[in-house]
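Single-letter residue listing:
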Amino acid sequence: MGIATRRHLLGMGDLDPADVERILETAAGFEDVVERDVKKVPTLRGRTVVNLFYESSTRTSSSFELAAKRLSADTVSVKAAGSSVDKGESLKDTIRTLNAYRPNIIVIRHPHIGAAQLTARWSDAHVVNAGDGKHQHPTQCLLDLYAIRKRLGRLRDVKVAIVGDVLHSRVARSNIEGFRMMGLDVTLVGPPALIPPGIEATGARVADDPAAMAEADVVYVLRMQHERMEPGQNFVPTLREYARVWGVSGRRLRPGQIVMHPGPMNRGVEIAPDVADSGASLVEHQVEAGLVVRMAVLYDLMTRPTIGEVIDLRERTGEWGAA
Ligand code: CP
C-alpha cells in the first residue's frame, strides 16, 4: 500500500457519521470472533502493526495489541521506557527506525499534542492516535459510543453528563466531538476551573452544579489528570473536597442511569467504589468494547471501504474460517 492511499485516525474530525456507523457495525461483527474457542481470523495475516507508547497505558495498549493478534497481524510493541528513547532518541528518529520494518499501521500514544500527526508525516504507515496530550483519543470515543448503543439500543438524543476534569482530558475532547456528531446531548459538569473557557462553541452545555447529573441517561466520569497539571497548580481546594462535591456516589444517581469511566479510576475521588462496582457501571463493558472496536479500526484502515458502506462482518464470518 503506497503513501497515496494512506488513511489515518488522528482525531474524531477524521470521521463523519457514516464512518462511525461503519466502524461500530464492523465491531459488532467481531463480537462473534472474540466469543469463539479459537479467537482469531486471518484478516490481517502478513500485515504488521506497531504499537508505540510514550505514556502509561493498560487498556489501550493491551487492546490494540490483542486486536491486531486476533486479526492475525504481526505486532511490535515498543514502550518509551526501556527503549532507546531513554538514550535520547528523538520521536522522528524512533519513527523512521520503526518505519524501516515497513509496518502497515502505527498506533501511537504520546504526551505531546500533535505527535500522531507528526508520525503520519514521518512514516509510510496508517497512523492511529492512541492519545496525544490533552488533545484527542478517538478510539476511546468510538468504544464509548459502541458501549452506549449496546446498553441503551440507541445513540440519538441520549443525554450524557461528562463530569470532572474536562480541561485536561483528551477523552472529553474526542467524546464531545464524537457524541455531538452522533446526535447525543452533552452537558459538561464540573468546577469552573476544570471546564475550558468557550467550550460551549462545541454545542455542549456547561453546568457548574453537580445536581445537573440527575438529568443524564449516562454519567461519564473523568479522572483528575494530575500528569497534565503544572507542579503546584491547584484546580480544586483538596481531593477530599472534590470527592465530596463532585464525586459520583450512589446518592447522586437515580435508578436507570448508567455510569461510564474511561479508566483508570481513582476510587474514592471522582467515583465512589459502590458505584464503580454496581450494576449501573459500564466500565468493564467499555473495556470489552475496546477490543472489538480497535479490531474494527485496524480492519477499516487496511480495507478502506467506500465511505458510507456498512459491512456486516457477521455475514462474512464463514469466509474467514479460523486462522
Ligand atoms: N482509557 C484509557 O486510555 O486507558 P489506558 O490509559 O489504560 O490506556
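All of the points below concern the structure found in this document.

## Points about unusual backbone geometry
- The omega torsion of the bond from glycine 263 to proline 264 falls at -5 degrees, within 30 degrees of zero and hence cis.
- One non-glycine residue, arginine 102, lies in positive phi territory at about 60 degrees.
- A residue is classified by how much of its surface remains accessible, and arginine 102, at 62% relative accessible area, is exposed.
- Located in the positive-phi region is aspartate 157, a residue other than glycine, with phi close to 70 degrees.
- With respect to the element layout, aspartate 157 can be found in the loop between helix H5 (138–152) and strand S5 (159–163).
- On the basis of relative accessibility, which here comes to 52%, the residue aspartate 157 falls in the exposed class.

## Things to note about the sheet that holds strand S3 (residues 105–110)
- Strand order in the open sheet formed by four strands is S2-S1-S3-S4, with parallel pairing between adjacent strands. Edge positions in the sheet fall to strand S2 (74–79) and strand S4 (126–132), since each has one partner strand and no second. With direction set aside, neighbouring strand axes in the sheet form an average angle of 10 degrees.
- With five bridges joining them, S3 and S4 adopt parallel strand pairing. By the bridge assignment for S4, valine 107 is matched with valine 128.

## Considering the site of the ligand
- As a structural note, the neighbourhood of the ligand is formed by Ser56, Ser57, Thr58, Arg59, Thr60, Arg109, His137, Gln140, Pro262 and Gly263.
- The contact in question runs from an oxygen atom of the ligand to an N or O atom on the backbone of arginine 59, over 3.0 Å.
- Taken by itself the ligand offers 250 Å² of open surface, and the protein chains cover 92% of this.
- Looking at side-chain class alone, the shell around the ligand contains one nonpolar, seven polar and two charged residues.

## Details of the environment of leucine 66
- By the element assignment, leucine 66 lies in helix H2 (residues 59–70).
- For the pair leucine 66 and aspartate 124, spaced 58 residues apart in the sequence, the C-alpha separation amounts to 23 Å.

## Considerations on the nonpolar core
- If you look at the biggest cluster of nonpolar residues, it comprises 63 residues, and the most contacted ones within it are Val107, Leu142, Leu145, Ile162, Leu184, Leu188 and Leu298.
- Inspection of this core shows a minimum of three residues originating in each of domain 1 (12–137 + 286–308) and domain 2 (139–283).
- Core analysis: the second largest hydrophobic core is formed by 23 residues, Val189, Tyr242, Val259 and Val275 among them.

## Quick word on the pairing of strand S6 (residues 185–189)
- Among the five residues of S6, four are classified as buried, and the element is accordingly described as predominantly covered.
- Looking at chain direction, S5 and S6 are connected through five bridges and run parallel. Residue valine 160 lies in a different strand from S6, and its bridge partner there is valine 186.
- Read as a crossover between parallel neighbours, the route from S5 over helix H6 (residues 170–181) to S6 is right-handed.
- Alignment of S6 against strand S7 (residues 205–207), held across three bridges, turns out to be parallel. Within S7, the residue paired with valine 189 across the bridge is alanine 207.

## Concerning the pattern of salt bridges
- What the rule picks out here adds up to 14 salt bridges.
- Linking aspartate 19 and arginine 22 is a salt bridge whose minimum nitrogen-to-oxygen distance equals 3.0 Å. Here aspartate 19 pairs with arginine 22, and both are found in helix H1 (residues 17–35), just three residues apart, close to one helical turn. This pair shows no difference in class: aspartate 19 is buried, exactly as arginine 22 is.
- One salt bridge in this structure joins glutamate 227 and arginine 223, with 2.7 Å as the shortest N-O distance.
- Linked through salt bridges whose partners overlap, the residues forming this network are Arg7, Asp19, Arg22 and Asp300.

## Focus: the sheet that holds strand S9 (residues 258–260)
- Strand order in the open sheet made by the five strands is S7-S6-S5-S8-S9, with parallel pairing throughout. On the outer flanks of this sheet lie S7 and S9, each paired with one strand and no other. In this sheet, neighbouring strand axes are inclined to one another by 25 degrees on average, regardless of whether the strands run parallel or antiparallel.

## A word on the packing of aromatic side chains
- Within this structure, the stated rule accounts for two aromatic pairs.
- Summarising the aromatic geometry, the rings of phenylalanine 30 and tyrosine 299 are spaced 6.0 Å apart at their centres and angled 80 degrees between planes, so their arrangement reads as edge-to-face. Here tyrosine 299 lies in helix H9 (residues 283–303) and phenylalanine 30 lies in helix H1, a separation of 269 residues in the sequence.
- Residue classification places phenylalanine 30 among the buried positions, given a relative accessible area of 0%.

## Topic: the side chain of arginine 228
- Position of arginine 228 relative to the elements: it lies in the loop between strand S8 (218–221) and helix H7 (239–246).
- Using a relative accessible area of 16% as the deciding quantity, one classes arginine 228 as buried.
- At a separation of 2.9 Å, a polar atom in the side chain of arginine 228 contacts the side chain of glutamate 55.

So, how was this worked out
- Here, residues in each chain are numbered from 1, in the same order as that chain's written sequence.
- The model is predicted, so local features are restricted to residues of pLDDT at least 70 and side-chain atom pairs to those at 80 or more, both for listing and for counting; the totals for chains, interfaces and linings are taken over all residues.
- Neither water nor hydrogens contribute to the side-chain values; these are computed over all heavy atoms in the structure.
- Here's how the labels work: a residue is buried when its accessible area is under 20% of the maximum for its type, exposed when over 50%, partly exposed in between, all with a 1.4 Å probe on protein chains only.
- Note on conventions: DSSP H or I runs of at least 4 residues are helices, E runs of at least 2 residues are strands, and numbering of each starts at the N terminus.
- When DSSP finds at least two bridges between two strands, those strands are taken to pair.
- Angles shown run from 0 to 180 degrees and are taken between the N-to-C directions of axes, each axis being a line fitted to C-alpha atoms and, for helices, limited to the stretch in contact.
- Think of it this way: one heavy atom of a residue within 4 Å of a molecule or strand is enough to make that residue near it.
- Distance and chemistry together define a polar contact, namely a pair of N or O atoms within 3.5 Å, with one atom able to donate a hydrogen and the other to accept it when in protein, and with adjacent residues in sequence counting only for side-chain atoms on both sides.
- Surface accessibility in these figures is a Shrake-Rupley result with a 1.4 Å probe; residues are shielded only by whichever protein chains are displayed.
- Side-chain classes are defined by residue name, with Ala, Val, Leu, Ile, Met, Phe, Trp, Tyr, Cys and Pro counting as nonpolar, Asp, Glu, Lys and Arg as charged, and the others, Gly among them, as polar.
- Here, the term nonpolar core denotes a set of buried Ala, Val, Leu, Ile, Met, Phe, Trp, Tyr and Cys residues that are joined through side-chain atoms within 4.5 Å.
- Boundaries between domains were set according to an automatic or database domain assignment.
- Look down the strands so they point away from you; if going from the first strand over the helix to the second traces a clockwise path, that crossover is right-handed.
- Take a side-chain nitrogen of Lys or Arg and a carboxyl oxygen of Asp or Glu: if they are within 4 Å of each other, that pair is a salt bridge.
- Pairing of aromatic rings covers Phe, Tyr and the six-membered ring of Trp, with a centre-to-centre limit of 6.5 Å; geometry is then stacked below 30 degrees between planes, edge-to-face above 60, and tilted otherwise.

Function cannot be inferred from these measures alone, as they are strictly geometric.
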